[in-house]
Amino acid sequence: AQTVTQSQPEMSVQEAETVTLSCTYDTSENNYYLFWYKQPPSRQMILVIRQEAYKQQNATENRFSVNFQKAAKSFSLKISDSQLGDTAMYFCAFMNTGNQFYFGTGTSLTVIP
Amino acid sequence: ETGVTQSPTHLIKTRGQQVTLRCSSQSGHNTVSWYQQALGQGPQFIFQYYREEENGRGNFPPRFSGLQFPNYSSELNVNALELDDSALYLCASSLVRGRNEQFFGPGTRLTVL
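We now turn to the structure provided with this report. (Residues numbered from 1 in each chain as written. Chains lettered and ligands numbered in written order. Predicted model: local features only at pLDDT ≥ 70, side-chain atom pairs only at ≥ 80, totals over all residues. Heavy atoms only, no water.)

### A few points about the interface of chain B and chain A
Quick reminder of the rule: What makes two residues a contact is simply this: any of their non-hydrogen atoms within 4.5 Å. Two parts lose some accessible area (1.4 Å probe) when they are put together, and adding that loss for both gives the buried area. Only one rule defines a salt bridge in this text: a Lys or Arg side-chain nitrogen within 4 Å of an Asp or Glu carboxyl oxygen. Whenever two N or O atoms come within 3.5 Å, that pair is a polar contact, provided that in protein one can donate a hydrogen and the other can accept it, and provided that, for residues adjacent in sequence, both atoms are side-chain atoms. Working definition: helices are DSSP H or I runs of at least four residues, strands are E runs of at least two. Numbering for both runs from the N terminus. The residue classification treats Ala, Val, Leu, Ile, Met, Phe, Trp, Tyr, Cys and Pro as nonpolar and Asp, Glu, Lys and Arg as charged. All others, Gly included, are polar.
With 25 residues of chain B at the contact, the number on the chain A side is 17 residues. Approximately 1,600 Å² of surface area, both sides summed, lies buried where chain B meets chain A, with 49% of it carried by carbon and sulfur atoms. Counting across the chain B and chain A interface gives zero salt bridges. Scanning the region where chain B abuts chain A turns up three residue pairs in polar contact (both at pLDDT 80 or more). Those elements that provide at least two residues to the side of chain B that touches chain A are strand E4 (31–37), strand E5 (44–50), strand E6 (53–57) and strand E9 (87–94) of chain B. The residue makeup of the side of chain B that touches chain A, split by class, is 10 nonpolar, 12 polar and three charged.

In structure tokens:
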């Protein structure tokens, strides 16, 4: 069974600073996908960034980047130049070869002006 | 292209009743997944439908059932509602082939009294 662990229930960061959210996962599969999703308060969940396990290069999307360590089964999200609109719940998710998703319990991020 | 839509937005039921939630997938997507998100938790995978057939199921009892229609829209049915079924129910659509991203709907907030 796949499990996803987010050990930081809450985090805060000053506006314009950098923050890193942690995620570890457990799987016996070799090919899979990892995602970070953002869920603003009372709003729809949206994709932040995705990473294919077979790619060694870390994914980057503008201010968002990941540190993917396959051997350690670690997948952290770095947010640079934090903005007030980044305040949200962030979920790490694992997708297996059966296209089924498993989510962590989330990290609530607050960006402080 | 239209996004994922869900209906109704909110629903209140009493214990023992049955409920049907509906989801229209994003245009061109052939796979729909359903999730239960309890307050303050990450989404839990209920099941997935691909081309009208169940394509994987999470750890939910048989009273949680679903359908996918030829136009790839989907229903989630829950029988014999229990208080613990109170949650946000999320639908997500995706393509089996391609970028494997899941696009989420806004959810249906179910309250069981």
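Back to the text.
### Comments concerning the packing of aromatic side chains
Threshold: Any Phe, Tyr or Trp ring, taking Trp's six-membered ring, that has another such ring centre within 6.5 Å forms a pair; planes under 30 degrees apart are called stacked, those over 60 apart edge-to-face, and the others tilted. Relative accessible area decides the class of each residue, using a 1.4 Å probe on protein chains only: under 20% of the type maximum gives buried, over 50% gives exposed, and in between gives partly exposed.
If you walk through the whole model with that rule in mind, you get 19 aromatic pairs over all chains. Both rings, one in Trp36(A) and one in Phe75(A), keep their centres 6.3 Å apart while their planes meet at 25 degrees; by these two values the pair is stacked. With Trp36(A) in strand E5 (residues 33–39) and Phe75(A) in strand E9 (residues 74–79), the pair connects residues that are 39 residues apart, well separated along the chain. By the burial criterion, Trp36(A) is buried, and Phe75(A) matches it. Judged by relative accessible area, which is 0%, Phe75(A) ranks as buried. Taken together, Phe35(A), Tyr37(A), Phe91(A), Phe101(A), Tyr102(A), Phe103(A), Tyr35(B), Phe45(B) and Phe104(B) form an aromatic cluster joined through their ring pairs.

### Concerning the state of the cysteines
Here a disulfide denotes one covalent bond, and it connects the sulfur atoms of two cysteines. What counts, and what does not: In plain terms, two cysteine sulfur atoms within 2.5 Å form what is called a disulfide here.
Per the counting criterion, the structure on display carries two disulfides over all chains. The disulfide partner of Cys23(A) is Cys92(A), and the S-S distance across this bridge is 2.0 Å. Of note, the bridge from Cys23(A) to Cys92(A) carries an S-S torsion of about -70 degrees and is left-handed in sense. Of this pair, Cys23(A) sits in the loop between strand E3 (19–21) and strand E4 (24–26) while Cys92(A) sits in strand E10 (residues 88–95), and the two are 69 residues apart along the sequence. The exposure classification of Cys23(A) matches that of Cys92(A), with both residues buried. Disulfide pairing places Cys23(B) opposite Cys91(B) at an S-S distance of 1.7 Å. Judged by the sign of its S-S torsion, about -55 degrees, the cystine formed by Cys23(B) and Cys91(B) is left-handed. Taken as a pair, Cys23(B) in strand E3 (residues 19–24) and Cys91(B) in strand E9 lie far apart in primary sequence, 68 residues in all.

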